[in-house]
Amino acid sequence: MKIIENIFQFLAKVFTQPIFLGGISISLSSIFTILVAFFAVVVGSRYLSNWLRDHLLIRLGFQEGTREAIATIFRYFTITLGFIIIPQAAGLDLSSLAFLAGGLGIGIGFGFQGLAQNFVSGLILVFEQPIRVGDYIELGDLEGTIRKISIRSTIVLTNDGISIIVPNSDLVNNRIINWSYENMNSRIHIPVRVAYGSDPVLVTEAILAAAQKESRILSFPPPQVWLSSFGEDSIKFELLVWIDKPRFRLPIQSSLNFIIHNEFYFKNIRIPVSQRDLWLRNPEDLKSVFESLNFNQSKQNREKSSRINLNKEPLYSPQDLSLRDLLKKVVYFENFSNLEILSLIEKGYRQTYYSEQFIFHEGDPGDAFHIILSGSVEILAEKANKHIRDLYAGDFFGELSLLMGIRRSAGVRAKEKTIVFVVSRNIFQNFLSSYPQLANQIASKLVERKQEFIERKKELGLSDDEDLENNPLVWIRKRMKTLFNI
C-alpha cells in the first residue's frame, strides 16, 4: 500500500509541478484542463451554431445563405473568444508569449501562405456574401450548387451529384457567374439556324410555339425571337426565354431543342446542313461506268420515289398551323404587315381546344385574354346552368375579369375544334397599348354587357358609380386608363 501511495504522490507531483516556458509557469494539469476546455468550446460552438442555423434563424425567416453565414460567423467568433479567455482564466500571461508568437508567426506565415490566403478569403465570403449556400454558380468549367462555405474551402455540388471542394481563394480571385445572386430569374439564349428561303414569320411562330410548350419557362417576361444574323448557308435566329431554376438551364435548353425540331418537322421548315462542291477533273472517264450501272434508269426510279414522298401529305399542313394566316382573318389584324404580325405573335400564343372542352370555369382566376381565331365557343353561367351566348371567329372573351380584377364571372366551353389566341394578364396592358384600335373595339363590345358590369359593382365597391349605369362606355374607358394607362 505504501508503494501505491508513493506512486500516486509522484504522479500528482508530476502533474502539478510548474514548468517554465518563456517566462510562463504552467503545469501538466493546467495544460490538460485548458485542452479539455478548448475541446468543450469547439464542440459547444458547433452545437450552438447548428441550433442557431437550423431552428432560431428559420423561425425568424432568414434565407438559407444568410443563415449559414450568421452561423459560421458565430461559431468562429465563439472559438476565438474561447481561445483568448481560457488561457487567461488558467492564469497564463499571454503578453510574455508575444515575442515567441511573433517569431513563430513569421515562420508559419511562409510555410502556410496558401492556408492563410484561403482563411482570409473565407472571411471575405462569409462577411461580404458574394455567394451564399444554395446559390447556383459557374466557375470556369465547374457548375453547381453551393452546399457549404467553411473558413478554408467551399463545397460545390455539381449537376452530376459530385461534391467538389474548392479553395476559397479561387472563389475570391476568379470571375464567378452567380445565377442566383439577388434574383433567381435568368435569361437563356437558344441559337436556331434555318435554311434560306424559309418564311421568317413562320419560323418565329414555330419557335415561340415551342417555347410555350416548355412548362419551366416563365410567361413573363415573355419569350422573344431575334433574327441575329445571315450566315453563309443559313439564317440565324435566337430564342430568348426566362427561367427561375438556373440549375435546370441545360435540361431546359435540351428540351427546347427537341420541341423546336419537332415544330420544324411538322411545318416543313428545313434545318440547313453544310454543303461541299465536288469537282471531277476527268468526268468523261466515268461515262462508261455510269452506263454500265444503268444510271439513267436509277435516276428515274429515284425521282419517282422522291415524287411519291413529296406528294405524301404531312400529318399537319403549314396552312393549318400558320398562326399568321389565322390572325389575318381577324378583322382587327387583317391589314397588318408581316412585321406587325410578327410583333403580335410575340405577345401571345395559340391554344387549341376540342368540342365540349372547357377553356376556363366560372370562378377561375382571370389570368388571360382570348381572341377566337377559328371555331366557336359558348358562354355559360355554370352555377345557374344557363346558356348566355355563343362567340365565333373574331370575337374575344376574358376581358371582364381583367378589367374589374375579379374571378371569371362565367365559364367558356368550346363547341367544336377551336383555336384561340391567348394573351396573359401580365402582357395585356402592353398588348392594348400596342393596338389601341382593339382597345376601342373591346370598349364598344363591353357596352353590350352593361348589365353584367352592374351586377359586379358590389364586388368592387362601385355602388355609387353613376357613370357605369348612365354611360358605360365612359366608365370602361376610365377603367382602362386607370389600370392600363390607355
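Notes on the structure follow. Since the model is a prediction, treat every value here as computed from it, not as a measurement.

**Describing the overall build of the chain**
If you tally the helices and strands in the chain, you get 20 helices and 18 strands. Sorting the 486 residues of the chain into buried and exposed places 38% on the buried side. Of the contacts made within the chain by residues no fewer than 6 positions apart, 68% connect residues no fewer than 24 positions apart.

**Thoughts on the nonpolar core**
Formed by 51 residues in total, the largest nonpolar core has its most connected members in F333 and F431. The element that contributes the greatest number of residues to this core is helix 7 (residues 200–212), accounting for eight residues. Two domains each provide a minimum of three residues to this core, namely domain 3 (186–267) and domain 4 (323–484). Among residues more than four places away in sequence, those in contact with F333 are L327, K328, I341, L344, I371, F431 and L438. Core analysis: the next-biggest nonpolar cluster, separate from the first, contains 14 residues, I359, A368, V377 and V422 among them.

**Focus: helix 8 (residues 249–266)**
Taking 1.5 Å as the rise per residue, helix 8 with 18 residues should run 26 Å; its terminal C-alpha atoms sit 26 Å apart, in good agreement. Those residues of helix 8 that sit buried are R249, I252, Q253, S255, L256, I259, I260, E263 and F264. If you follow the buried residues of helix 8, they end up packed against strand 3 (136–139), strand 4 (142–149), strand 8 (186–194), helix 7 and strand 10 (235–243).

**A word on the pairing of strand 3**
Side chains of strand 3 alternate between two faces, with Y136 and E138 and I137 and L139 buried alike. Here strand 3 pairs with strand 4 via four bridges, running antiparallel. Residue pairing in the sheet places Y136 in a bridge with T145 of strand 4. Between the end of strand 3 and the start of strand 4, which pair antiparallel, lie two residues, with G140 showing a positive phi angle near 65°. Pairing between strand 3 and strand 7 (residues 177–178): two bridges, direction antiparallel. Among the inter-strand pairings, I137 is bridged to a residue of strand 7, identified as N178.

**Focus on the pairing of strand 18 (residues 418–424)**
Counting buried positions over the seven residues of strand 18 gives seven, a clear majority of the element. Burial along strand 18 is two-sided: the face carrying T418, V420, V422 and S424 and the face carrying I419, F421 and V423 are both buried. Of the strand pairs in this sheet, strand 11 (residues 349–353) and strand 18 are connected by five bridges, and their pairing is antiparallel. Paired with Y353 across the two strands is T418, which belongs to strand 18.

**Brief notes about the packing of aromatic side chains**
Taken as a whole, this structure holds four aromatic pairs when the rule is applied. Consider the rings of Y265 and F266, whose centres lie 5.3 Å apart with planes at 70°: the pair is edge-to-face. Above the ring of F360, the side-chain terminus of R408 is found at 4.0 Å from the ring centroid.

**Side note on the pattern of salt bridges**
Enumeration according to the criterion identifies 14 salt bridges in this entry. The salt bridge involving R350 is made with E205; its shortest N-O contact spans 3.8 Å. Placement of R350 in strand 11 and of E205 in helix 7 is noted, with a sequence separation of 145 residues between them. Two residues, D244 and K245, come together in a salt bridge whose shortest N-O distance is 3.5 Å. You can call D244 partly exposed: its relative accessible area is 29%. In this structure, a network of salt bridges that share partners links the residues E138, E143 and R249.

**Some points on the sheet that holds strand 10**
Within the open sheet, the three strands sit side by side as 8-10-9. Their pairing is antiparallel. For this open sheet the edge positions go to strand 8 and strand 9 (224–230), each flanked by a neighbour on one side alone. Taken pair by pair, the neighbouring strands of this sheet meet at an average axis angle of 25°, ignoring direction. Taken together, the nine bridges between strand 8 and strand 10 define a ladder with antiparallel strand orientation.

**With respect to empty space enclosed by the protein**
Here the structure, examined in full by the defined rule, presents two cavities of 30 Å³ or more. Taken together, S49, N50, R53, E68, A71, T72, R75, K148 and I149 make up the lining of the second largest cavity. Mapped by element, the contributors of at least two residues to the lining of the second largest cavity are helix 2 (28–59), helix 3 (64–89) and strand 4. When residues of the lining of the second largest cavity are assigned to their parent elements, the largest contribution, four residues, is made by helix 3. Here the lining of the second largest cavity is composed, by residue class, of two nonpolar, three polar and four charged.

**Structural notes on the side chain of E378**
Along the chain, E378 turns up in strand 14 (residues 376–381). At a separation of 2.7 Å, a polar atom in the side chain of E378 contacts the side chain of R413. When residues no more than four places from it in sequence are discounted, the contact partners of E378 are H387, R389, D390, G411, V412, R413 and K415.

**Regarding helix 13 (residues 338–345)**
Since the α-helix turns once every 3.6 residues, residues separated by three or four places project in the same direction. Every buried residue of helix 13 is listed here: I341, L344 and I345. Buried residues of helix 13, seen end-on, are gathered within an arc of 100° and therefore sit on one face of the element. Summarising the contacts, the buried residues of helix 13 are in contact with helix 7, helix 12 (323–328), strand 18 and helix 15 (425–434).

**Describing the sheet that holds strand 3**
Strand order across the open sheet formed by five strands is 6-5-4-3-7, with antiparallel pairing between neighbours. Every other strand in the sheet has two partners, leaving strand 6 (163–167) and strand 7 as the edge strands with one partner each.

**Re a nonpolar patch on the surface**
There is a patch of nonpolar side chains on the surface, built from F119, V120, L123, I124 and F127 and spanning about 440 Å² of accessible area. With respect to the helices and strands, the residue F127 is situated in helix 5 (residues 113–128). Residue classification places F127 among the exposed residues on the basis of a relative accessible area of 56%.

Rules and cut-offs
- Residues numbered from 1 in each chain as written.
- Predicted model: local features only at pLDDT ≥ 70, side-chain atom pairs only at ≥ 80, totals over all residues.
- Heavy atoms only, no water.
- Helix = DSSP H or I, 4+ residues; strand = E, 2+ residues; numbered from the N terminus.
- Buried < 20%, exposed > 50% of the residue type's maximum accessible area, 1.4 Å probe, protein only.
- Contact = heavy atoms within 4.5 Å.
- Core = buried A, V, L, I, M, F, W, Y, C linked by side-chain atoms within 4.5 Å.
- Domains from an automatic or database assignment.
- Expected span 1.5 Å × (residues − 1).
- Pairing = 2+ DSSP bridges.
- Phe/Tyr/Trp six-rings, centres within 6.5 Å; stacked < 30°, edge-to-face > 60°.
- Lys NZ or Arg CZ within 6 Å of the ring centre and 35° of its normal.
- Salt bridge = Lys/Arg side-chain N within 4 Å of Asp/Glu carboxyl O.
- Axes fitted to C-alpha atoms, helices over the stretch in contact; angles between N-to-C directions.
- 1 Å grid on protein atoms, 1.4 Å probe; cavity = no way out; pocket = protein on both sides within 12 Å on 5 of 7 lines; lining within 4 Å.
- Points joined across faces, edges and corners; volume = space filled by probe spheres on them.
- Nonpolar A, V, L, I, M, F, W, Y, C, P; charged D, E, K, R; others polar.
- Polar contact = N/O pair within 3.5 Å; in protein donor to acceptor, adjacent residues only side chain to side chain.
- Arc of directions from axis to C-beta.
- Patch = residues over 30% accessible without salt bridge, like charges linked within 9 Å, V, L, I, M, F, W, Y side chains within 5 Å.
- Areas by Shrake-Rupley, 256 points an atom, 1.4 Å probe, with all protein chains shown as cover.

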